[in-house]
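Commentary on secondary and tertiary structure
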Amino acid sequence: MERNKLITMIEIAIMAGLSFILSKVEFGALWAFGGSISLIMVPIFVMAFRRGWQAGLVTGLLAGIISLLTGGYVVHPVQLVLDYPLAYAVLGIGGLAVFHKPITTGRIFTGLLLGTSLRLVCHFMSGIIWFGSAAPKEMPVAVYSFLYNISYLLPEMLITAAVLVFLKKTAPSFYKQSASIGSSSASY
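First, a word on what this report is: a plain description of the structure on this page. This is a predicted model, so every value here is computed, not measured. Numbers given for residues are sequential positions, taken from 1 along each chain in its written order. For a predicted model such as this one, the threshold for reporting local features is a pLDDT of at least 70, and the threshold for listing and counting side-chain atom pairs is 80 or more; totals across whole chains, interfaces and linings nevertheless cover every residue. Water and hydrogen atoms were dropped before computing side-chain values, which therefore reflect all heavy atoms in the structure.

1. Quick notes on the packing of aromatic side chains
For this analysis, a ring pair means two rings from Phe, Tyr or Trp (six-membered ring only for Trp) whose centres lie within 6.5 Å, classed as stacked if their planes differ by under 30 degrees, edge-to-face if by over 60, and tilted for the remaining angles. If you walk through the whole model with that rule in mind, you get six aromatic pairs. With a centroid separation of 5.8 Å and an interplanar angle of 35°, the aromatic rings of Phe45 and Phe49 are classed as tilted. In this pair, Phe45 and Phe49 are both assigned in helix α2 (residues 41-51), four residues apart and thus about one turn of the helix distant. Exposure categories follow from relative accessible area, calculated using a 1.4 Å probe and restricted to protein chains: below 20% of the type maximum is buried, above 50% is exposed, and the middle band is partly exposed. For Phe49, a relative accessible area of 0% gives the class buried. Taken together, a centroid distance of 6.3 Å and an interplanar angle of 75° make the contact between Phe174 and Tyr175 edge-to-face. For Phe174, a relative accessible area of 34% puts it in the partly exposed group. Here Tyr175 falls in the buried class, since its relative accessible area comes to 4%. The way it works is that DSSP assigns letters per residue, a run of H or I at least four long becomes a helix, a run of E at least two long becomes a strand, and they are numbered from the N terminus.

What follows is the structure, encoded as structure tokens:
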């Protein structure tokens, strides 16, 4: 059992580090108050699908903290939590969609939609509370925050989906644990 936890913790650390590296692969940076289209979500969802939502949550939490420490944009402590550790941690909840094996393309899309929607909620709330002053005068702050955040999260989710489906088709064993490693619901 201790070996299983150690292997899971090592995978979490590697995937959190890989998230940081892949966050540097950006497909545009048009957003004035943060946000970009990158591959940062891929390793987080891989962990959530491979090891379960708890491992995905911890991986996302670490990826969010690393992102914050390496160039985060902070205007308030609560905004810091919403836009970084929490926004990336909730991606791991997408692992609930693949609770039953085998992992199918439909379950991958369901998990991506769930996790990305929760991330959108975090950024949306932050946008309403702290970045609403940037909204055009004729536009409601909630509409502005939604449009601003969906403008990069939707493309990022679609690119992440393409990568995860590609991995499933070319290396399906990537999402499977070896029998010696244990179940995906190990606690940390």
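2. Re the pattern of salt bridges
Whenever a carboxyl oxygen of Asp or Glu lies within 4 Å of a side-chain nitrogen of Lys or Arg, that contact is scored as a salt bridge. With the rule as written, the count across this model stands at three salt bridges. Salt-bridge contacts for Glu11 lead to Arg51; the nearest nitrogen and oxygen are separated by 2.8 Å. You can see Glu11 sitting in helix α1 (residues 2-23) and its partner Arg51 sitting in helix α2, a full 40 residues away along the chain. Of the residues examined, Glu11 reaches a relative accessible area of 15% and is grouped as buried. Across the pair Glu156 and Arg119 runs a salt bridge, and its minimum N-O distance is 3.5 Å. Separated by 37 residues along the polypeptide, Glu156 in helix α6 (residues 141-170) and Arg119 in helix α5 (residues 105-130) bring together distant segments of the chain. We classify Glu156 as buried; its relative accessible area is 0%.

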